[in-house]
Structures are given as C-alpha cells and as structure tokens.
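Residues per chain are reported as follows:
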Amino acid sequence: MLSGRRLDLIDPSPLDIEIADIAHGLARVARWNGQTRGAEIFSVAQHSLLVEALVGALAPQAANGARLAALLHDGPEYVIGDMISPFKAVIGDDYKTIEKRLLTAIHIRFGLPPQSPADAIGLVKSADRAAAYFEATRLAGFSTAEAQKLFGPPKIALAGIEDHLEPMRPAKAQECFLRRFAELDGQAS
C-alpha cells in the first residue's frame, strides 16, 4: 500500500489497514468497469458515498455505526478491485471468502463489529441496490425496465443527493471519501 503497509489478502490484519489507502484505492477503481457516461470514471469511492447518503435518506435515525458500515461496505475493493456481480458469481466462494475476511478486518480496524447487525446489513443492501439502479439508469445506459428487472425499483428518491451521481476526478473522490469518513468516525468517538 502507499502507506507502506503490507496487507496479507488471505489473512488480513486490521493493523495493516489505513483509511488513506482505502480512500486512495476506491477513488481509482471504476464502477461498471468504467462503462459510464462522463469525462471521469464513476468510482467505488463515489458509489460508497452514494450508498451512505441513501442509508441516511432511507433511515434518518440509523445509528452512526450503520452509516460508517455503509461508507465502508465495498472497502475490500481497494485491494481486490470491483467485479461485476455476474463474474463474482462465476468465481464463487473463494472470492467471497477473501472479500469477507477483508471487510471483517476493515470493520475491526475502524471500531465496528466484525459483522454488522442484520438490520444494518439489510439497510446497506437496500441502499446498495438503489444506488445500483440510479447508477445504471443515469450513468451506465440501462433502461428503466432493465434496471428494475435487475435491481428492483428503488424505495427512495434521489432528492437532495443527486450530486453523488456526478463522476469526479480521483483526487476529488478521495478527498470527499476521507472527509465523510472523518465526519462519521468523529461522531463514533
């Protein structure tokens, strides 16, 4: 990692995880394999910010830990990249095992339970599906019918958070991700 940390992907230690490395990596990993509209990629960092904002919109009373878990939900992708869901399914359990180990280490590193409570997991998954729908229809060229078939209709409107769908330069996405992390982490203290 740029921080100088060495991360064992098979047995990751929370002590080897730095938020700066996560933000740097996620800001440079393209969602939708880069197949989006705009001069810049739509990064996993931006997707994470969108999911966290959607969690806040879906459940304004959500505990800060759930919001932080939403921001970090794709954290493992800072080292393993973002793969489209059909390809993840083909790779199967090995990929999922590594991804889960990394996410557990990330959670522990930042003071979250190793596994989020079921209600928080459901909330993040609902926000993640809504984010995928909005990204698909606004950025990746999907029709509304296609997106509804794949992700279901979103149970929330984008009102107030549509700015999260504007592709941005990696350095800006990294800065926004780090700023939001600091806000959420500061509230956790």
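Just so it is clear, the structure is predicted and the values come from calculations on it, not from any experiment.

J.: Please explain the packing of aromatic side chains as it appears in this structure.
T.: The relative placement of two aromatic rings is captured by the distance of their centres and the angle of their planes. Counted under the stated rule, the structure contains five aromatic pairs. Both rings, one in Phe110 and one in Phe181, keep their centres 5.1 Å apart while their planes meet at 70°; by these two values the pair is edge-to-face. Note that Phe110 is positioned in the loop between helix H6 (93–109) and helix H7 (118–138) and Phe181 in helix H9 (residues 170–188), a separation of 71 residues in sequence. Where Tyr133 meets Phe134, the ring centres are 5.6 Å apart and the plane angle is 80°; that geometry is what we call edge-to-face. Given the relative accessible area of 7%, Phe134 is considered buried. Taken together through their ring pairs, the aromatic side chains of Trp32, Phe142 and Phe151 make up a single cluster.

J.: What is the right way to read the environment of Ser116 from this model?
T.: Within the secondary structure, Ser116 is located in the loop between H6 and H7. Excluding residues within four positions of it along the chain, Ser116 makes contact with Ala69, His107 and Ile121.

J.: Just checking my understanding: could you explain the confidence of the model for the protein chain for this structure?
T.: Close inspection of predicted coordinates is inappropriate for parts of the model with low pLDDT. For the protein chain, per-residue confidence averages 93 on the pLDDT scale, and 99% of positions sit at 70 or higher. Confidence, read as mean pLDDT per element, is least for helix H5 (residues 85–91) in the protein chain (78) and greatest for helix H1 (residues 19–26) (98).

J.: What is the right way to look at unusual backbone geometry in this model?
T.: Trans is the prevailing form of peptide bonds, just as negative phi is the prevailing case for residues other than glycine. Of note in this structure, Trp32 is not a glycine but carries a positive phi near 60°. Locating Trp32 in the fold gives a position in the loop between H1 and helix H2 (44–58). Although it is not a glycine, Asn33 sits at a positive phi angle of roughly 50°. Structurally, Asn33 is set in the loop between H1 and H2.

J.: Even after reading the chapter, I still don't get the layout of surface pockets, so can you show me in this structure?
T.: Left-over empty space is what a probe sized like a water molecule reveals as it rolls over the atoms. In this structure, the largest pocket occupies an estimated 1200 Å³ of space. Residue lining of the largest pocket: 33 residues in total, with His73, Asp74, Lys88, Glu99 and Asp128 positioned closest to the centre. Of all elements in the fold, only H5, H6, H7 and helix H8 (144–151) reach the threshold of two or more residues within the lining of the largest pocket. Counted by class, the lining of the largest pocket contains 15 nonpolar, seven polar and eleven charged residues. Here the second largest pocket is characterised by a volume of approximately 250 Å³. Forming the boundary of the second largest pocket are Gln46, Leu49, Glu52, Ala53, Arg67, Asp163, His164, Met168, Cys176, Arg179, Arg180 and Glu183. Sorting the residues of the lining of the second largest pocket by element identifies H2 and H9 as the ones contributing at least two each. Residue composition of the lining of the second largest pocket, by class: four nonpolar, two polar and six charged.

J.: Honestly, the pattern of salt bridges in this entry has me stumped. Any pointers?
T.: Side chains bearing opposite charge may pair, as long as their charged atoms lie close to each other. Taken as a whole and assessed by the stated rule, the structure comprises ten salt bridges. A salt bridge links Asp82 to Arg31, with the nearest nitrogen and oxygen atoms 4.0 Å apart. Here Arg31 lies in the loop between H1 and H2 and Asp82 lies in the loop between helix H4 (77–80) and H5, a separation of 51 residues in the sequence. A relative accessible area of 14% means that Asp82 is categorised as buried. What makes Arg31 buried here is its relative accessible area of 10%.

J.: Mind showing me how you'd approach the packing of H7 against H8 here?
T.: Two quantities define a packed helix pair, namely the angle between the axes and the distance from one axis to the other. Across the interface, H7 lies against H8 with an axial gap of 9 Å and an inter-helix angle of 160°. By the angle between their directions, the pair H7 and H8 is classed as roughly antiparallel. As H7 runs across H8, the sense of the crossing is right-handed. Where H7 approaches H8, its residues Arg129, Ala132, Tyr133, Ala136 and Thr137 are matched on the opposing element by Thr144, Ala147, Gln148 and Phe151. When grouped by side-chain class, the residues that make up the contact of H7 with H8 number five nonpolar, three polar and one charged.

Cut-offs applied
Residues numbered from 1 in each chain as written. Predicted model: local features only at pLDDT ≥ 70, side-chain atom pairs only at ≥ 80, totals over all residues. Heavy atoms only, no water. Phe/Tyr/Trp six-rings, centres within 6.5 Å; stacked < 30°, edge-to-face > 60°. Helix = DSSP H or I, 4+ residues; strand = E, 2+ residues; numbered from the N terminus. Buried < 20%, exposed > 50% of the residue type's maximum accessible area, 1.4 Å probe, protein only. Contact = heavy atoms within 4.5 Å. pLDDT = per-residue confidence, 0-100. 1 Å grid on protein atoms, 1.4 Å probe; cavity = no way out; pocket = protein on both sides within 12 Å on 5 of 7 lines; lining within 4 Å. Points joined across faces, edges and corners; volume = space filled by probe spheres on them. Nonpolar A, V, L, I, M, F, W, Y, C, P; charged D, E, K, R; others polar. Salt bridge = Lys/Arg side-chain N within 4 Å of Asp/Glu carboxyl O. Axes fitted to C-alpha atoms, helices over the stretch in contact; angles between N-to-C directions. Parallel < 35°, antiparallel > 145°, perpendicular 65-115°, else oblique. Left-handed = near helix turned anticlockwise from the far one by under 90°.

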